[in-house]
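Remarks on the overall topology
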Amino acid sequence: MIKNRILYQPLLDKVTSPDDACRCIQDGTNLFISGFTAGYPKLISQALVRRAEAGERFKINLFAGASTSELVDGLLARADLVRSRRPYMSDRCMRQKINNEEIFFKDDHLSQLSGLVRSGAWGNADVAVVEALSITEKGHLIPTTSVGNTPTYVREAEKIIIEISAHGEDLEGIHDIFIPEDPPYRMPIPIYRTADRIGKPFIEMDPDRVVGIVFSNEQDTCPVFTPPDDIARQIAAQILAFIRHEIKKGRQPASLPWQSGVGDVANAVLGGFVDDDFFQNLDIYSEVLQDSVLDLIDLGKARAASGSSLTLSEKARARFYNELYRYKEKLVLRPVEISNAPEVIRRLGVIAINTAIEVDIYGQVNSTHVMGSQMMNGIGGSGDFMRNGSVSFIVTPSTAKDGRISAIVPMVSHVDHSEHSVDVVVTEYGLVDTRPLTPRQVAEQVIRKCAHPDYRDQLWDYYQRAKKETGGHEPHLLQEALGFHHRFMQTGDMRIK
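Residues numbered from 1 in each chain as written. Predicted model: local features only at pLDDT ≥ 70, side-chain atom pairs only at ≥ 80, totals over all residues. Heavy atoms only, no water.

Turning our eyes to something else, we now look at the nonpolar core. Among the nonpolar cores identified, the biggest contains 75 residues, and I162, W258, F320, L331 and F393 are the most heavily contacted of them. When residues in this core are grouped by element, the largest group, eight residues, is from helix α7 (residues 230-248). Every residue in contact with F320, bar those within four places of it in the chain, is listed here: L171, I174, L294, L310, L312, Y327 and L331. Membership of the second largest hydrophobic core comes to 34 residues, among which are V49, L81, M94 and V127. (Core = buried A, V, L, I, M, F, W, Y, C linked by side-chain atoms within 4.5 Å. Buried < 20%, exposed > 50% of the residue type's maximum accessible area, 1.4 Å probe, protein only. Helix = DSSP H or I, 4+ residues; strand = E, 2+ residues; numbered from the N terminus. Contact = heavy atoms within 4.5 Å.)

Our focus in this paragraph is the layout of surface pockets. Taken as a whole, the second largest pocket spans an internal volume of roughly 320 Å³. Elements that contribute at least two residues to the lining of the second largest pocket include exactly α5 (113-119) and α13 (342-348). Taken together, the residues of the lining of the second largest pocket sort by class into seven nonpolar, four polar and five charged. (1 Å grid on protein atoms, 1.4 Å probe; cavity = no way out; pocket = protein on both sides within 12 Å on 5 of 7 lines; lining within 4 Å. Points joined across faces, edges and corners; volume = space filled by probe spheres on them. Nonpolar A, V, L, I, M, F, W, Y, C, P; charged D, E, K, R; others polar.)

Turning our eyes to something else, we now look at helix α9 (residues 291-298). Counting buried residues along α9, six of its eight residues qualify, which places the element largely inside the surrounding structure. Along α9, the positions that sit buried rather than exposed are D291, S292, V293, L294, L296 and I297. Of the residues flanking the end of α9, it is G300, one or two places downstream, whose phi is positive at about 75°.

Attention shifts here to empty space enclosed by the protein. Throughout the structure, instances matching the rule amount to five cavities of 30 Å³ or more. If you add up the space inside the largest cavity, you get close to 210 Å³. Along the walls of the largest cavity sit 20 residues, with T145, Q219, D220, R317 and Y321 positioned nearest its centre. Counting residues per element, the lining of the largest cavity draws most heavily on helix α10 (residues 314-322), which supplies three residues. For the lining of the largest cavity, a count of residues per class yields seven nonpolar, eight polar and five charged. Within this model, the second largest cavity holds a volume of roughly 50 Å³. The wall of the second largest cavity is formed by L31, I33, P41, I44, S45, L48, V72, L76 and V129. Elements supplying a minimum of two residues to the lining of the second largest cavity: β1 (30-33), α2 (44-53) and α3 (70-78). Per-class residue counts for the lining of the second largest cavity are eight nonpolar, one polar and no charged.

Structure (structure tokens):
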């Protein structure tokens, strides 16, 4: 029955097993896979591991859209099959190997990836392995729950392996596939409202490049979304209050779309809309669409939601497919170079909310490296939205590790977003709009409003001594600027005892 998903008859001869299909993947292959937290291939990675377990020695260079799952990044990392990985990932084993330099990792802004592949900057696109719902009568692909970079990977790859998923057959029509022109003289991306559709409902493909088709009953790993805790709810409440105030004062239109990263605060913000009658007819223009988007659609509060992937819990996934006819009217999945396009984000005026590991007193943000050295996941698309949103919020709990780490520090140990990209800093203790403030004013307010009480005196003492001893536009004591981090590395606690 699943062969009915291959409507282009010549490709029926390409149906094979995962073990046979993956033989074209050899040592040094640049392997480009679909997936953007969802919609990743699940069988070819397992077949590659079986080859390694049988004694074959090879390593691949792995390129994805963003994170995949245990079935891809986890399996391949543990089997020691990955020489290099780009861009974003979130697997614990792969993270450890990246930090040990066993896997070479390059972090990238997600909006730039497809253009780099088309330019040849990433080398030859040897093999693409992509998950699809079906193959059309003309030999094109219908994606599943994500788009990511798949349209460009399919266009550029010398060889293509397709995993046809047994799940989600009614998804056709939810995708909007558009590959923008590359420089020079590129034309605008013609999106003017969140719901605008500018492309095709399928990914164009040259069927002659297909070397294997396999059928898969595997599903995406369902994330577990725990209810937002008190800290996340407090941060979300401040963001909503701030935007509500800006709208009432006439400083901001009521119709701007929202973006939020994945996590507790993102869910708390979107969940906050549920009980807040002020916010109606919402647009979501983001990367990853989560459970809370379905809630807003159910309540009639979401006018449209655009992203590059749909990542749902098990309960929400069942609800989504049971009533897909209704959700399809509101949802659109795009390539990540469109969902994260700086041009579109700026044109729409997206309100951006992203998470930090730490923020310094002047507004610099570290969102990727623990203690400045250990890669966590990657920058993802936060830079695309932070630098181009109409209002960019950076959020973090004020402390970590049971209070032993302050998220507000004199100087961040790694910089992903400079002070020039950050508009509003938020912790559970307070919010600082940095836009009308000088750096010194930012420092004073961030210390007073955002820092945990256990750290305010330390931060204030550092800042006052820096003003007196060094002076300047952004006073720092260079011999102490990373003193909080050094103290934690030495004693396990940033606090002075």
